[in-house]
Amino acid sequence: MKNEKRKGKLFVISGCSGVGKGTLLKVFLEKNPQIELSISATTRKPRPGEVDGVNYFFLTKEEFETAVKNNEFLEWAEFNGNFYGTKEAYVEKKLNEGKNVILEIETRGAFQIKEKKPDVVLIFILPPSLDELEHRLRGRNTEDEAAIQNRLHEAYRELECSKKYDYCIVNDDLNQAVKELEEVICS
Ligand code: ADP
Ligand code: 5GP
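A short tour of the structure in this document, coming up. (Residues numbered from 1 in each chain as written. Chains lettered and ligands numbered in written order. Predicted model: local features only at pLDDT ≥ 70, side-chain atom pairs only at ≥ 80, totals over all residues. Heavy atoms only, no water.)

### With respect to the site of ligand 1
Then comes step 1: Surrounding ligand 1, one finds 13 residues, the nearest of these being Gly 18, Lys 21, Gly 22, Thr 23 and Arg 140.
Then comes step 2: Residue Gly 18 places a main-chain N or O atom 2.8 Å away from an oxygen atom belonging to ligand 1.
Then comes step 3: Contact distances for ligand 1 include 2.9 Å between an oxygen atom and a backbone N or O atom of Gly 22.
Then comes step 4: Mapped by element, the contributors of at least two residues to the shell around ligand 1 are helix H1 (21–31) and helix H5 (130–140).
Then comes step 5: Looking at the shell around ligand 1 residue by residue, the classes come out as 3 nonpolar, 6 polar and 4 charged. (Near = heavy atom within 4 Å. Polar contact = N/O pair within 3.5 Å; in protein donor to acceptor, adjacent residues only side chain to side chain. Helix = DSSP H or I, 4+ residues; strand = E, 2+ residues; numbered from the N terminus. Nonpolar A, V, L, I, M, F, W, Y, C, P; charged D, E, K, R; others polar.)

Given below as C-alpha cells:
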C-alpha cells in the first residue's frame, strides 16, 4: 500500500467584527497547538502591536492586485475599504503536510471556499446580542467612529449569512464557546 500522508481538514471561522473571534481563537490555539491558523494577506494598515508575517502579511494595494491577477488566492474579498485574501499555496502546503487548518475570514470569502472545496467546515461565531457586539467593538478601542459604524453595518449583513454555515457558536461565556469549538474541530 502506498504510504500516503492523510490530508489535513480545512475549517473556516467567521463572525461579525468585535464578536470575539481573535480572543476565542487565541485560547483555542493555546489548548490545541497542533491546529494551524492560516495567515491572510491584507492591504489594511497594521494596528499597534500587529506584526507582518504573524498577524497578517501586510501588502500594498499594488502587491495585492498582482497576486489577484496571478491567481494566487484561494479566496479574497474587499471588507471595509481594504482587501483581504488567503494564499492558496500557503494553505495547500499545510493541508498536504496533514495539518488541520483554520481560516478566520469574512463571509464572502467563506462561500468562495465552499464552492471550491465542499468539504470545508464553516463555523460562525455569534454575539449574545447586538448591543453586546457594539459594546465589545467600542471597548476594543481600535477603530474610529466611521469604521465602527461600517463594521456594525456589515455585522447585520453577516448575521444573515450565518444561516448558511454548518455550525453556529454563541460567544457569551468564553470558556463554553472554546469547548463548543473543540467539539466541532477536534472530535
Ligand atoms: P474579533 O476578533 O471578532 O473582531 P476580538 O477578539 O478583538 O473580536 O474581541 C473584541 C472585544 O470583545 C475584545 O475587547 C475582547 O476582549 C472582548 N471579548 C471577546 N470575547 C468575549 C466574551 N466571551 N465576553 C466578553 N468580552 C469578550
Ligand atoms: P480585521 O481588519 O478586523 O483584522 O478583519 C476584518 C475582517 O476581515 C474580519 O471579518 C476577518 O475575518 C476578515 N478577514 C481576515 N482575513 C481574511 C481573508 O484572508 N479573506 C477574507 N475573505 N476575509 C478575511
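And the narrative resumes.
### A look at unusual backbone geometry
Across residues other than glycine, the phi torsion is negative in most instances, and most of the peptide bonds are trans.
Then comes step 1: You will see that Asn 71, though not glycine, has its phi angle at about 60 degrees, which is positive.
Then comes step 2: With respect to the helices, strands and loops of the structure, Asn 71 is situated in the loop between helix H2 (61–69) and strand S5 (73–79).
Then comes step 3: Classification of Asn 71 by relative accessible area gives exposed; the value is 63%.
Then comes step 4: In this structure, Asn 141 takes a positive phi of about 60 degrees despite not being glycine.
Then comes step 5: By the secondary structure assignment, Asn 141 is in the loop between H5 and helix H6 (145–161). (Buried < 20%, exposed > 50% of the residue type's maximum accessible area, 1.4 Å probe, protein only.)

### Digging into the sheet that holds strand S7 (residues 101–104)
Then comes step 1: Across the sheet, which stays open at both edges, the 5 strands sit in the order S2-S7-S1-S8-S9 with parallel pairing between neighbours. The strands lining the two open edges of the sheet, one partner per strand, are strand S2 (36–37) and strand S9 (167–170).
Then comes step 2: When S2 meets S7, the two strands line up parallel, connected through 2 bridges. By the bridge assignment, Leu 37 is partnered in S7 with Ile 102. (Pairing = 2+ DSSP bridges.)

### With respect to the site of ligand 2
Then comes step 1: Around ligand 2 sit 15 residues in total, of which Ser 40, Arg 44, Tyr 56, Tyr 84 and Glu 104 are the nearest.
Then comes step 2: Within the side chain of Glu 104, one N or O atom sits 2.6 Å away from an oxygen atom of ligand 2.
Then comes step 3: Relative to its unbound accessible area of 510 Å², ligand 2 is 96% covered by the protein chains.
Then comes step 4: When contributions to the shell around ligand 2 are tallied by element, the ones reaching two or more residues are S5 and strand S6 (82–87).
Then comes step 5: Of the residues in the shell around ligand 2, the class split is 5 nonpolar, 4 polar and 6 charged. (Areas by Shrake-Rupley, 256 points an atom, 1.4 Å probe, with all protein chains shown as cover.)

### Observations regarding the pattern of salt bridges
Then comes step 1: All told, the structure shown has 23 salt bridges when counted by the stated rule.
Then comes step 2: A salt bridge links Glu 36 to Lys 99; the nearest nitrogen and oxygen atoms lie 3.7 Å apart. Residue Glu 36 is found in strand S2, and its partner Lys 99 is found in the loop between helix H3 (88–96) and S7; the two are separated by 63 residues along the sequence.
Then comes step 3: For Arg 108, the salt bridge is made with Glu 106, and the minimal N-O distance between the two is 3.2 Å.
Then comes step 4: When its relative accessible area of 12% is taken as the criterion, Glu 106 is described as buried.
Then comes step 5: Within the structure, one salt-bridge network assembled from shared partners comprises Glu 36, Lys 93, Lys 94, Glu 97 and Lys 99. (Salt bridge = Lys/Arg side-chain N within 4 Å of Asp/Glu carboxyl O.)

Limitation: the analysis is restricted to geometry and does not speak to function.
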